Each structure stands twice: as C-alpha cells, then as structure tokens.
Amino acid sequence: MERSPGDGSSPSLVDQPSAPSDPPDQPPPAHTKPDLSSGNQPAGPGAAGEALALLTSFGRRLLVLVPVYLAGAVGLSVGFVLFGLALYLGWRRVRDEKERSLRAARQLLDDEERLTAKTLYMSHRELPAWPLRIVGVKVHPCPSKEQILLDLNISYVGDVQIDVEVKKYFCKAGVKGMQLHGVLRVILEPLMGDLPIVGAVSMFFIRRPTLDINWTGMTNLLDIPGLSSLSDTMIMDSIAAFLVLPNRLLVPLVPDLHDVAQLRSPLPRGIIRIHLLAARGLGSKDKYVKGLIEGKSDPYALVRVGTQAFCSRVVDEDLNPQWGETYEVMVHEVPGQEIEVEVFDKDPDKDDFLGRMKLDVGKVLQAGVLDDWFPLQGGQGQVHLKLEWLSLLSNAEKLEQVLQWNRGVSSRPEPPSAAILVVYLDRAQDLPLKKGNKEPNPMVQLSIQDMTQESKAVYCTNSPVWEEAFRFFLQDPRSQELDVQVKDDSRALTLGALTLPLARLLTASELTLDQWFQLSSSGPNSRLYMKLVMRILYLDSSEVHFPTVPGTPGAWDLDESPQTGSSVDAPPRPSHTTPDSDFGTESVLRIHVLEAQDLIAKDRFLGGLVKGKSDPYVKLKLAGRSFRSRVVREDLNPRWNEVFEVIVTSIPGQELDIEVFDKDLDKDDFLGRCKVSLTAVLNTGFLDEWLTLEDVPSGRLHLRLERLTPRPTAAELEEVLQVNSLIQTQKSAELAAALLSVYLERADELPLRKGTKPPSTYATLTVGDTSHKTKTIAQTAAPVWDESASFLIRKPNTESLELQVRGEGTGTLGSFSLPLSELLVADQLCLDRWFPLNNGQGQVLLRAQLGILVSQHSGVEAHSPSYSPSSSSLSEEPELWGGLPHSTSSAPELRQRLPHGDSPPEAPPGPLGQVRLTVWYYSEERKLVSIVHSCRALRQNGRDPPDPYVSLLLLPDKNRGTKRKTSQKKRTLNPEFNERFEWELLLDEALRRKLDVSVKSSSSFMSRERELLGKVQLDLAEIDLSQGAAQWYDLMDDKGSS
C-alpha cells in the first residue's frame, strides 16, 4: 500500500499535545498555507485536528459570555458582572505569584546544592560493619523483682575513617580510628505480664567512658598533649550531658507508659555524707636547691562520686594534714558507683599526685556508718574518711528530730542538709508572646537561696515541653522557698514567675506535689506543670556520735558525755561556741590625715579674671566605709590633723582610696586622688608617707597609717584612754580604746508564738550607736545563726553589749545586757557560755571577747608594766603620734604625763569640787591645747542636781574668738567630758595669757542666766606646757579664784 507524504511528516493529535505554556485565551498560531504547485495535497487527519482545536478555543471564549447572559436574563446590573470578573482576575494573579515564588525557591535550592557539591565533598568514607563489641555482661540481683539490671562492658575499637575537604580553602580534616570503652548499665523496667514483657529500656554510663580519637589533616593539632585532653574532655562532656549518671536515655516500648518522668529521672537511692577528716604519712614532693633539700607537701584532696566533685582546702607544708570538711553526694545506682578520693600536692605549675583510693558505695549502704583509714594507691599514706548513708523518708514525721541533730553537727564548708528536693519540669502552656507577636524561646531558672539551675531552651513556642529533672539539697525545708523564673533564652524578658514555699510539701501526701501551677507576671492562662518530690534525710545507725575532728577548732566541749543512738536522738548540747578560725582576727586601722601641699587653685572670680585658691577636703574609702574630713577655707596648703578608724581584716589586696576635692556651692572640683595598698601597713604596722596626687598637675598629701592589734589584757587600758585623749584632735571623733568581737551561735528554748507555733527569729546586737542584725531563721524555737560582728569601743568601763531576740510579727522574745566591765575582769577578756534572757524563758550561746588597742607609736609601751623598756618604741619615735610636741626625751615626759599606780594619793576635793584638765603647747602646730576631762564632787545648791558644763576663756581677751565651751551634762555632780580645745598662738604669747575655767549650770529652760558652780584661773607662765600632765584643780567661787 502506498503512503502519502503527509503520513510521515505530520504528527497526530496524540503525538503533538498543545503546549501548556500557551495561555488558553490566545488563538492558535496561523498555519502556513500549503503549496499547491508542488503537488502535495493537504493532510486529512492533520487538518481535522487543527480545526477541532480551533473550535475548542472558540467554544471556551463563548463560555466566558455565559455569566453575562445569565446576569442579563436574571436582571442583574453590569456591576455584578464586573465584580465577579475582578474576583476572578485577583485569584488568578495571586496564584501566579505563588507559582513564581516556588520556582525561585527551587532554583535557589538547586544552585546551593550545586555549589556545595563543587566546594565540599566527602573524599573518603569507610565505616566497619560491626564496630561495637560487648566484652562482658553482668546481671545484678534485684530485691524488688520489678526490674532487670544489666551491666554491659562495651568496647569500640574501630578503624573508622572520615575525611572532609573544603576545596575553596584547601583544607582537609578527618578522623582515622577511634576507641571507646566503658560500662553501660541497662535497666529493663517495668516488667509486665504481656508482650513485650518490658515497658521501657533505660541506658546510661555509670562512670565516664574513656575515649581516644586519632585525628588527621588539620585536626592533627588536636593531638597536641594539651589540646588532646581538652578536645576529648569537651566531647566527653557532650556525651555525659545525656548518657552519664544522673542523665540517662529512656526508650519506651509500650504506648502510654505510666510515670515516664520517674523512669527518665528516678529519685536517688540515698545520700552519702562524706567527712574528709585527715590524712597521714603522705609523700614529700617539694624539693629545694635542685633536689638537694627535701621539703614537705601542700596537700589537698579531690572527692568524686560520678559527676559530683569537691575540692578541699590546701594545707601548707604538712604531711599529716587535718581537713575536717564535709560533703554530701547523691547516689543513684547501687552497686556500681564509687567514691574516689585523690590527694595532690599543690604547686605553682603542675600539682603532684600523692595517691588515690576508691570504695564502692554498696559497702557504705551495708555498714550505715563507715569510719576508717583507707590506704592510698599509687602513693604512700592513708586518708581518714567517715561515711554516713542517709536514707530517704517520704514523710515529715522525723524532720524536727533531724533538724535538731543537724544543729549539733559542725559541718564545713556547708551546713548539713535535712532534705532533698527533686523537681520534674514537664511543660508550660500559653506563655506570653514577645514583641511583634513573635513566639518566645522559653527556658526556666529554678532557685533555692543561692543555688540556681537552668533548663534547656525550647525554641519558637509558647507551649514548651522540657521534661527535665533538677535536684537541690535543703537545710531547713520549713523556711526555704523555690523560686521559678520562666524567661526567654536571652534572659532579658521574663515570661512568668512562681514562688513556692517548700512548707507546702510537708503537708502533701508522700511529700509530693504533681499539678499545674499558675504563673504570676504572665498571661491570664499561663501555667507550668511540675512534679515536686521532697525526701527527708535520715541516718539510721545504732552508733552515731557527734562528729569531732581532733586538733581542729571545730571540736566542741560538751556538757555531758556523747550519747549513743540513732541520728534522731537529741544531740548533746554544746557548752561553748565553735566560731570559724578567722573569728577575732580583725584589727583596727587608724588613719591620720595630716596636711597637703601645693594643691591646685580652682576658685575663680569675676568670670575667671581673678584667680583664687581652693577650699579643700579629703574623702577616704576603705572596707565598704567612707569618711570625709572638714573643709579648710582658701588654703592650698591645708592642715587637717584628723583621725579616722576602721575595722580591717587580713584579706590581701585591700586598698585605701583617697580623693581631694575643692568645696563649691554647685559641684565640688576635683583636686587629685591616690591609693594606698594596705599590704605594707598590715605587715609592718605603720606607714608615714607623703603621697603624690594623681590626675592633677601638682599636689601631695601627708598620711599616717597604723594598724592596732587587739590585746587580751586590761593592764594597759587606763594608759590607752589617757593617750587617746592626748592624740585625739579637736575635729575627730573620740578614739577607740578596744575592739569587741561577738560570735552569736544559737538560741534555745525560746517562747512559742501563740503558745504552740515556733517563731521566725532574728537577733540584734547593739553597742552605743552601732547595731548588727542577724539573718531570720523561720519557725524554730532553737535558731542557729552562726554570725559574728565587731564593734569599736571607746569607753570599755561604761559601755555595754545589748542583745535582743525578736520574732517577725511577735515583737521581742527576750533580751539581755552584758556590761563590758565584766569582760575586763574575765580571763583573756573573753566570755563564752550560755546567757539567759531576761524574760525568764530562753537563752543564747554567745562568745564575746575584748581586745585593748595599744598604739605602738604613741609611747604607751614605755611605761606599760607588761613590756620591757627594750621593746619601747619611744626611743625610735621622738613624738607622740598624731600631735604631741617634739622632744628629745619624750619617754620621761610621757611618764610624768600619765598616771602611775604607785603615784602619791591625790588630795580630797574642796567644798566646791574639782575639775580635771590637761594643758600643753603643741609646738609643731603652734597651738595651745587643753583637754577638759571631768569634774567631781560639784556643789548642789537646789533640790535637783545641776546640769554642768565647762567654759574656757583665754584672758585678757574676752571675745568670742578665745571662748570655748563643752557640752552640757544632765543632772550629775560628777560629769565626764573628755573634750579637746585648741587656740592658735605663739608660745611667747601663750605664756603671757591666763586660762579662765568656769563650771556652770543652766538655771532653767526659759532663762539665759547661768549659775556659777566654781571656777579656777591658771597662769600659763607658771605651768610647764611641755609636759601636758592631767591634773585636778580645786574650784573656788568668783572672789577666791586666782
């Protein structure tokens, strides 16, 4: 059969579909008219297909007119037709934009894959078929028969090879070989009667596995010794974050498994209280002179249980150290976990290893209390540990007994715990959104006192799911609170908060709360789901004694012999306090601001045309306290001669900050600053220097600093009081003669609030105008404060320590007053005992010790009976520190100036009484100085005692410039003043003057008249002004005074 030419050249309708890219409303392209001259006839089937396509296109366009026809038939206006057309065109436009966006995103993804394939590729990858091997399996018997416990000793020694290359930077890196060894514990629980028999599988490493990686390429740098251990540690930290105790991997095998949170983070099996007591026979690692001289060691210990680690303090140069420290660790798996103690010698570069011991926690569980010396492996010597197993109780019946026992336990560095709290943080709902209605990245901070733990951040959701567990030790769950803060991961935005008193759990069933908690400062429906479980720590042992460490300051003297019994028996009450080793080690720094020179002038007048001077004063800052001197008007070389005192400790690195300013009406101008390190003062005890002012063109400041160490003897008190009156300046406060250190440990048998409920108590210690308030201990009749305070004492013979025990909302529970005169007659000026409160109910255990502040640079040692003349500093210091006159024989002068115990008896006072004065001339300052000490046996004219004061007048001048007056004392015949007065004048002029001293009393409140009680007139030419001795002078009436 003969085929026509068109059969082979024209495709059929099936072979040639219409292009999808052509728009449906476009007419088909015009076909070329066939060439009739060539003799070719038009193809029948092809022409029919084209005609059919043309008719189809025409029909679709007619269908567009159907809505128009229907609208006209129904009687609708043209607006409805146009509205429908607009809707159709809008829908078509949106659809086209979406298609273009999808095509652009697909194109970007293809370009990124193509570029990545060009620059980064896995040049070689080879993984072994079965790299992990199980070397051994151990099955542990389980008494509860509710789980199967397996230990798998896994070992991975693989020749895995991974090479990564970045072509753009010609960088190659990879791994060639890796080893991993460890013991993986597998727990199958709960056991069920149906398939799959086990509800879930828990897996974790009891101890950190060992890891060794062979790096290649650029990562060969990680094989450097320092970087190798660092990189392996970082990788192991990542593994431990989810697969080393207390973290575990849980795989549920059945749906809707009950209490998945309990399986994922179970409660600890128990708590071990580790008393790291001492060590003996340690090796000597310190060498001197290239090993020719053998020294000792500076040992410290590292205690580890799983991921929990503690470091003891360093004991310098001792092969038999005494630590006396206590740690508490959570035990999650028994058997399996171990207590590991490593002892090292502290060195500046690398610490030397002295030995190691390991002990399975199962032995502590069996023994209850284990107290023994354990030999150190890898070294020499033994370490003394006392280990106590604390069980977990699910009720609060024995909480009060446990707290009472803990009060008798001396534990350092932290007090013993009475309970633990486990918080299962599950999820939150409806948290508020961030600005711009953005989803937050919530995380949670949980805090109890100063311990804070954080959850992971869940991103881009306001209903996060965390499923994490947190554990806390509690000292007293009755008074502590759990603070929960839900925050954005930036920590800047708070999404909600919750404060939960832990006392709520004490009344809950099995000490457990499992519920939703409404969040405050959050959305109206924002809430948090948590499960809180508390357990009381209970030591169940047939023989428990009060822990004491021989040779440490924490050992207690007891009223009676130690009792035997379980930990819930009442512990023996201590008869003495146990303060820290640094209690009573404070000293007093006496700062004498003398003068300055060459200060810059800051005052300007007439718009700066006239240059003035400055009105300088000094600011001092030290140990959290600040002091300020008086202002000296218009002087670039001012003399202040002021004394300040502050209590300091021996903490290194302390500095005295000094700034000088010019006093102005608006803002004070800066005149310079300087700093003084207290290291030299604390070591040598004295510093006298001119200090150059910094940050200014010129100026220097003269300071004298002296460290006063308290002495436990009252033999020198009278001499110290006399010297303080001599060196005290007119503008300075009265100088301290002693330092009182108080350690308040505890109270007992306080009255109950409303007859039954214990109060929340605190105590206040007050001496004069200085007070110290302790922390508040919630709801207990036997609070333990363990706080100390120090006070500057100016007159130990007359001042007293006032103590008040108060309850929040209940007022004073008791008080007592301790006159410091009782300390002056006590042994070593110290009292350490129980003091009863004056309400007849309750008592406090307190230690109060007094130290006399003897200045080493004031000449007191020269005549003190407790020091030999060879130790006197007067031979080295020709003047009294702080303002006594220059003299080449200051020691004899001071002996005449200060009273002695063997001096002749004083004459009895006259009929009008006597006044005690010290008058001398200060040649260095060119000042006449007088101290009014006191009066005695004054005359009483009326029914009531007078209100005396002393008036001083430098004759022959009777103007205000030479008149001085003391403060007024109320209703007394023997007033004490101890006030200092100064007059600036030359010595020759002073010798031509007379000092008129009048003792007066105010007649009445409304009257300006003053009653003269007596007076005395001193001719300064007849007084040796270089001696400055304190003397009693008889008062006479106005006519008989001379």
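Note on numbering: residues in each chain are counted from 1, in written sequence order. Residues qualify for local features only when their pLDDT is at least 70, as the model is predicted, and side-chain atom pairs are given and counted only at 80 or more; totals for whole chains, interfaces and linings, by contrast, use all residues. For side-chain calculations, the full set of non-hydrogen atoms in the structure is used, while hydrogens and water are omitted.

Observations regarding the overall build of the protein chain
Per the convention used, a helix needs a DSSP run of H or I reaching at least four residues, while a strand needs a run of E reaching at least two, with both numbered from the N terminus. If you tally the helices and strands in the protein chain, you get 13 helices and 52 strands. When the 1042 residues of the protein chain are sorted by exposure, 44% land in the buried category. Note on contacts: a residue pair is in contact if any heavy atoms of the two residues lie within 4.5 Å. Residue pairs in contact within the protein chain that sit at least 24 positions apart in sequence constitute 63% of those at least 6 positions apart. Exposed residues in this analysis have more than 50% of their type's maximum accessible area, buried residues have under 20%, and partly exposed residues fall in between, with area computed by a 1.4 Å probe over protein chains only.

Overview of the side chain of Glu 325
Within the fold, Glu 325 resides in strand 13 (residues 322–331). With relative accessibility at 8%, the residue Glu 325 sits in the buried group. For Glu 325, the side chain forms a polar contact with the main-chain nitrogen of Arg 313, separated by 3.1 Å. Look past the residues within four positions of Glu 325 in its chain and what remains in contact with it is Ile 274, His 275, Leu 276, Cys 311, Ser 312, Arg 313, Arg 412 and Pro 413. The definition of a polar contact used here is a pair of N or O atoms within 3.5 Å, where within protein one atom must be able to donate a hydrogen and the other to accept one, and adjacent residues in sequence count solely through side-chain atom pairs.

Quick notes on the sheet that holds strand 50 (residues 994–1002)
Strand order in this open sheet of 4 strands is 48-47-50-51, and the pairing throughout is antiparallel. Only two strands of the sheet have a single neighbouring strand rather than two, namely strand 48 (963–965) and strand 51 (1010–1019). When the angles between neighbouring strand axes are averaged without regard to direction, this sheet yields 20°. Following DSSP output, two strands are said to pair if at least two bridges run between them. One ladder, built from 9 bridges, connects strand 50 with strand 51; its direction is antiparallel. Bridge pairing links Val 999 to Gly 1014 in strand 51. To get an axis, fit a line to the C-alpha atoms, keeping to the stretch in contact for a helix; angles then go from 0 to 180 degrees between the N-to-C directions.

Remarks on the nonpolar core
As used here, the term nonpolar core means buried Ala, Val, Leu, Ile, Met, Phe, Trp, Tyr and Cys residues forming a set that is joined through side-chain atoms within 4.5 Å. Among the nonpolar cores identified, the biggest contains 38 residues, and Leu 421, Leu 482, Met 530, Leu 532 and Met 534 are the most heavily contacted of them. Examining the composition of this core, we find that 6 residues originate from one element, strand 25 (residues 527–539), more than from any other. The residues touching Leu 421, leaving out its near neighbours within four places in the chain, are Ile 448, Phe 470, Arg 471, Phe 472, Leu 474, Leu 502, Leu 505, Leu 532, Val 533 and Met 534. Grouped together as the second largest cluster of nonpolar side chains are 37 residues, Ala 737, Ala 747, Ala 789 and Ile 793 included.

A look at unusual backbone geometry
The omega torsion across Glu 189 and Pro 190 is -10°, close enough to zero to call that bond cis. Inspection of the secondary structure puts Pro 190 in strand 4 (residues 171–191). Note that the residue after Leu 955, namely Pro 956, is joined by a cis bond; omega there is 10°. Backbone geometry places Leu 829, a non-glycine residue, at a positive phi of 55°. Here Leu 829 lies in the loop between helix 11 (820–824) and strand 43 (830–836).

Digging into a positive patch on the surface
A contiguous patch of positive charge, built from Arg 960, Lys 963, Lys 965 and Arg 1010, is present on the exposed surface. Assignment of secondary structure puts Arg 1010 in strand 51. With a relative accessible area of 41%, Arg 1010 lands in the partly exposed category. Patch membership is restricted to residues that have no salt bridge and whose relative accessible area is over 30%. Joining uses 9 Å for like charges and 5 Å for the nonpolar side chains Val, Leu, Ile, Met, Phe, Trp and Tyr. Only the protein chains shown count as cover for residues, with accessible areas throughout obtained via the Shrake-Rupley method and a probe of 1.4 Å. By convention in these notes, a salt bridge is any Lys or Arg side-chain nitrogen within 4 Å of a carboxyl oxygen on Asp or Glu. Counted as positive: Lys and Arg. Counted as negative: Asp and Glu. His and the chain ends are not counted at all. For charged residues, the charge sits on one atom: NZ in Lys, CZ in Arg, CG in Asp, CD in Glu.

Quick look at the packing of aromatic side chains
Pairing of aromatic rings covers Phe, Tyr and the six-membered ring of Trp, with a centre-to-centre limit of 6.5 Å; geometry is then stacked below 30 degrees between planes, edge-to-face above 60, and tilted otherwise. In the structure shown here, the tally under the stated rule is 10 aromatic pairs. Relative to Phe 353, the ring of Phe 344 lies with its centre 5.7 Å away and its plane at 70°, an arrangement referred to as edge-to-face. Its relative accessible area of 28% is what places Phe 353 among the partly exposed residues. Linked through ring pairs, Tyr 300, Phe 344 and Phe 353 together constitute an aromatic cluster. In this structure, Lys 619 is placed above the aromatic ring of Phe 661, and the distance from its NZ or CZ to the ring centre is 5.2 Å. A ring has a charge above it when a Lys NZ or an Arg CZ is no more than 6 Å from the ring centre and no more than 35 degrees off the ring normal.

A look at the UniProt feature "transmembrane region" (unreviewed entry) in the protein chain
UniProt positions are given in the numbering used here, feature names are shortened, and annotations may be inferred rather than shown by experiment. The sites that carry the UniProt feature "transmembrane region" (unreviewed entry) are, in the present numbering, residues 68–91. Between the end C-alpha atoms of residues 68–91 the distance is 19 Å, and the span holds 88% helix and 0% strand.

With respect to the environment of Asn 247
Mapped onto the elements of the fold, Asn 247 is located in the loop between helix 4 (225–243) and strand 7 (249–252). A sequence separation of 222 residues divides Asn 247 from Ala 469, and the C-alpha atoms of the two residues are 9.3 Å apart.

Some details on the pairing of strand 37 (residues 738–748)
Where burial is concerned, most of strand 37 is hidden: 11 out of the 11 residues are buried. Pairing geometry for strand 37 and strand 40 (residues 784–793), over 8 bridges, is antiparallel. In the sheet register, Leu 740 faces strand 40, and the bridge partner there is Phe 791. Sheet analysis places strand 37 next to strand 44 (residues 843–853), joined by 10 bridges and oriented antiparallel. Paired with Leu 744 across the strands is Leu 846, a residue of strand 44.

Describing the pattern of salt bridges
Within this structure, the stated rule accounts for 33 salt bridges. Close ionic contact of Arg 356 with Glu 340 constitutes a salt bridge, the shortest N to O distance being 3.1 Å. One end of the pair, Arg 356, is in strand 15 (residues 352–360); the other, Glu 340, is in strand 14 (residues 338–345), and 16 residues separate them in sequence. A relative accessible area of 29% places Arg 356 in the partly exposed class.

Quick look at the sheet that holds strand 26 (residues 587–597)
Across the sheet, which stays open at both edges, the 4 strands sit in the order 31-26-35-34 with antiparallel pairing between neighbours. Of all strands in the sheet, those bounded by a partner on one side alone are strand 31 (639–648) and strand 34 (686–692). Along the sheet, successive strands turn relative to each other by an average axial angle of 20°, direction set aside. Across 9 bridges, strand 26 lies against strand 35 (residues 700–708) in antiparallel orientation. Note on strand 35: the bridge partner recorded for His 592 is Arg 704.

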